[in-house]
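Residue-level listing of the chains:
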Amino acid sequence: MNILVTGGAGFIGSNFIKYMLSKYDYNIINLDLLTYAGNLNNLKDIKTDRYTFIKGDICDRSLLEKIFNSFDIDIVINFAAESHVDRSIEEPSVFLTTNIIGTQTLLEVAKKYWKISPNDKYCREYKPGVKFLQVSTDEVYGELGQTGKFVETMPLMPNSPYSASKASADLIVRSYHETYGMPVNITRCSNNYGPFQFPEKLIPLMIINCLKDKDLPVYGDGMQIRDWIHVSDHCSAIDTVLRKGINGEIYNIGGNNEIENINIVKLIIKALGKSENLIRFVKDRPGHDRRYAIDNSKITTQLGWVPKYTFEQGMNETIKWYLNNTDWIENIISGDYINYYENMYSNV
Ligand code: NAD
Ligand code: TYD
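Residues numbered from 1 in each chain as written. Chains lettered and ligands numbered in written order. Predicted model: local features only at pLDDT ≥ 70, side-chain atom pairs only at ≥ 80, totals over all residues. Heavy atoms only, no water.

*Asks:* Help me understand the sheet that holds strand S4 (residues 75–78) in this model?
*Replies:* Within a sheet, each strand pairs with its neighbour through backbone hydrogen bonds, oriented either parallel or antiparallel. Strand order in this open sheet of seven strands is S3-S2-S1-S4-S5-S6-S11, and the pairing throughout is parallel. Unpaired on one side and paired on the other, strand S3 (51–55) and strand S11 (250–253) mark the two borders of the sheet. Each strand axis lies, on average, 20° off the axis of its neighbour in the sheet, ignoring direction. Direction of pairing for strand S1 (residues 2–6) relative to strand S2 (residues 27–32): parallel, over a ladder of five bridges. Each residue of the ladder has a partner; that of Leu4, found in S2, is Ile29. Contacts between helix H5 (residues 161–180) and the sheet are confined to strand S5 (131–137) and strand S6 (184–189), with S5 contributing the most and set at about 155° to the helix. (Pairing = 2+ DSSP bridges. Helix = DSSP H or I, 4+ residues; strand = E, 2+ residues; numbered from the N terminus. Axes fitted to C-alpha atoms, helices over the stretch in contact; angles between N-to-C directions. Contact = heavy atoms within 4.5 Å.)

Put into structure tokens, the structure is as follows:
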């Protein structure tokens, strides 16, 4: 089987490629533009010739056609995205280009290569075994009040340019299933943590700042709730959907770990033996969603997936990983990252 993974040099994509290469004998082609978030160091331990890296853009249709032609792609797993809410507030347009147009370009090329009669607009028959899996997020549902959880049938009410672009992509993917009969699945996962996460996101940012005795910028009152899942549980869930997901279906993925941001920050401070005096409450993010929580009963009951990590075990391992991988951190905290950090946190 030949799998095209897009965005495989990022946090979740790189974890997923290593997970799949170690578990199966599939060939994996990783297409990644290597934006600020893409890092080939995340993949440097891969030794097998079942893995190919191609630098390029999911919006580049002629490159996608060459890849489908050369590698006879069976499966597309689309991780490629602009993924950071704060950046989407500063500069939304690239989010629309990559997350929406890029997804549609990939769908269009996959449809052309997988349809049994590509020129017949009424043909709904595809090569056996093909699938397009869109890696989406729980943020497309918007925010929850103090009770309730996200279920797959809820209306989409995204609040940031990032989540709006991901919601748009979900609707385009859905339309390719409804209109052209394409075999697709959409997964909507909650906040991930684990090794190789870029330090603009909450958990690695707090670990790294703590290690350097820098301020820990907590937005607003720090009482916002996210539902955390270890990245390897996200990878196993995607693998499950790939093997068992019913075409056209959407699956929520979550680990049942709702925690207030401030408590995550305090946990990291304690684990690293630092002082809570490092905490700095800063101006809140505009449009900041108060609470996310995933109801994962569809994937657990219908497909038999279960998360393996407790939050405590996952956080212990993750903190250790950052402590043992200071070279990886120093390589990332380059000029670009320093400029981003200074712009983002200087006036708040
Ligand atoms: P990331 O920012 O770490 O990685 C994104 C990758 O996509 C990078 O390697 C980047 O170079 C690549 N990329 C960006 N634009 C591209 C383009 N035009 N063409 C090809 N490659 C491009 O993101 P992540 O945290 O690994 O998230 C991966 C996917 O999972 C995203 O689609 C995101 O929306 C989704 N997701 C993330 C989380 C989370 O907590 N991180 C939760 C749920 C869903
Ligand atoms: P983040 O990791 O950016 O993920 P998302 O916005 O996709 O949920 O942020 C997680 C939570 O942490 C979110 O409520 C915003 C908050 N946060 C801070 O309080 N301070 C920070 O410096 C960052 C990056 C995030």
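Picking up where we left off.
*Asks:* Even after reading the chapter, I still don't get the site of ligand 2, so can you show me in this structure?
*Replies:* Taken together, 18 residues form the shell around ligand 2, and within it Glu139, Pro217, Arg285, His288 and Tyr345 come nearest. Here Tyr345 contributes a side-chain N or O atom positioned 2.6 Å from an oxygen atom of ligand 2. Across the complex, the protein chains shield 97% of the 510 Å² of accessible surface that ligand 2 would expose by itself. Within the residue set of the shell around ligand 2, elements represented by two or more residues are helix H6 (202–211) and strand S8 (216–219). For the shell around ligand 2, the class distribution of residues is eight nonpolar, five polar and five charged. (Near = heavy atom within 4 Å. Polar contact = N/O pair within 3.5 Å; in protein donor to acceptor, adjacent residues only side chain to side chain. Areas by Shrake-Rupley, 256 points an atom, 1.4 Å probe, with all protein chains shown as cover. Nonpolar A, V, L, I, M, F, W, Y, C, P; charged D, E, K, R; others polar.)

*Asks:* Where do I start with the packing of H6 against helix H10 (residues 311–324) in this structure?
*Replies:* Between two packed helices, what matters for the description is the angle formed by their axes and the separation of those axes. It is the contact of H6 with H10, at a shortest axis distance of 11 Å, that shows an interaxial angle of 50°. By the angle between their axes, H6 is oblique relative to H10. Crossing handedness for the pair H6 and H10: right-handed. Along the contact surface, H6 presents Ile203, Pro204, Ile207, Ile208 and Leu211, while H10 presents Met315, Thr318, Ile319, Tyr322 and Leu323. Partitioning the contact of H6 with H10 into residue classes produces nine nonpolar, one polar and no charged. (Parallel < 35°, antiparallel > 145°, perpendicular 65-115°, else oblique. Left-handed = near helix turned anticlockwise from the far one by under 90°.)

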